[in-house]
Amino acid sequence: MGPSTWADEFTRAELSNGPDQWVNEFSTERELHSSGDDQWVNEFSKLHVNDWAEEFGRQVDEGVLGDDSADNWATAYDDFVNEQVAKRQSDASRGVYVFSDMNPYVGHPNPLKEGQELFRKGLLSEAVLALEAEVLKSPDNAEGWRLLGITHAENDDDQQVTVLSCLVFCWRINLYLYC
């Protein structure tokens, strides 16, 4: 069967059956297979679950999830937050620098240069993160500590202990290196 024969056969079949044949075949197949596919929809709709949030609230109110489970979750979360705040305040009051969590600049190839560039652009909070990454990477970098302290001061950081701890680290490193 050559190419012209196939094309002629296709054209004759298309003209004799028309586009409606495909629609009819598709509809017939769908009707045959749809009864099983829609079974889960019918079963789920019989459950009469209006809204998952309402259902969850009802279960909490009825104590299905345990006694005072909602209160326990809230209390545990509040305790965790209070512990974290107390730890940060305790560390800061002792002059220990408290690094930011989830710093996107950790692992950056040159966080010092990035911090300087961000400082020049006026993006001080971002510059703090980049400079923190630098002093984490190179704790003996006096310039990194100095710039970190200056950036905190320029950023009007309310915790003067943070600025002072950075500058004290810088001073200690310089004292060690040059004496």
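Relevant structure appears above.
Residues numbered from 1 in each chain as written. Predicted model: local features only at pLDDT ≥ 70, side-chain atom pairs only at ≥ 80, totals over all residues. Heavy atoms only, no water.

A. Examining a nonpolar patch on the surface more closely. Where nonpolar side chains cluster on the molecular surface, the patch consists of Trp 22, Val 23 and Phe 26 and spans about 350 Å² of accessible area. Its place among the elements puts Val 23 in helix α2 (residues 20–37). (Patch = residues over 30% accessible without salt bridge, like charges linked within 9 Å, V, L, I, M, F, W, Y side chains within 5 Å. Areas by Shrake-Rupley, 256 points an atom, 1.4 Å probe, with all protein chains shown as cover. Salt bridge = Lys/Arg side-chain N within 4 Å of Asp/Glu carboxyl O. Helix = DSSP H or I, 4+ residues; strand = E, 2+ residues; numbered from the N terminus.)

B. Quick look at unusual backbone geometry. With a phi angle near 55°, Met 102 is a residue other than glycine that sits in the positive phi range. With respect to the secondary-structure elements, Met 102 resides in the loop between α5 (69–93) and α6 (111–121).

C. Representation of the packing of helix α7 (residues 124–137) against helix α8 (residues 142–154) in the model. Running from N to C, α7 and α8 point in directions that differ by 160°, and their axes come no closer than 9 Å. Comparing the axis directions of α7 and α8 gives the class roughly antiparallel. The chirality of how α7 crosses α8 is left-handed. Note on element contacts: α8 touches α7 through Gly 144, Trp 145, Leu 147, Leu 148, Thr 151, His 152 and Glu 154, opposite Leu 124, Ala 127, Val 128, Leu 131, Glu 132, Glu 134 and Val 135. For the contact of α7 with α8, the residue count by class is 8 nonpolar, 3 polar and 3 charged. (Axes fitted to C-alpha atoms, helices over the stretch in contact; angles between N-to-C directions. Parallel < 35°, antiparallel > 145°, perpendicular 65-115°, else oblique. Left-handed = near helix turned anticlockwise from the far one by under 90°. Contact = heavy atoms within 4.5 Å. Nonpolar A, V, L, I, M, F, W, Y, C, P; charged D, E, K, R; others polar.)

D. Region of interest: the pattern of salt bridges. The full count for this structure, using the stated rule, is 2 salt bridges. Arg 120 serves as the salt-bridge partner of Glu 117, at 3.1 Å between the closest nitrogen and oxygen. Here Arg 120 and Glu 117 lie together in helix α6, a separation of 3 residues that amounts to about one turn. Among the residues examined, Glu 117 registers a relative accessible area of 34% and is labelled partly exposed. (Buried < 20%, exposed > 50% of the residue type's maximum accessible area, 1.4 Å probe, protein only.)

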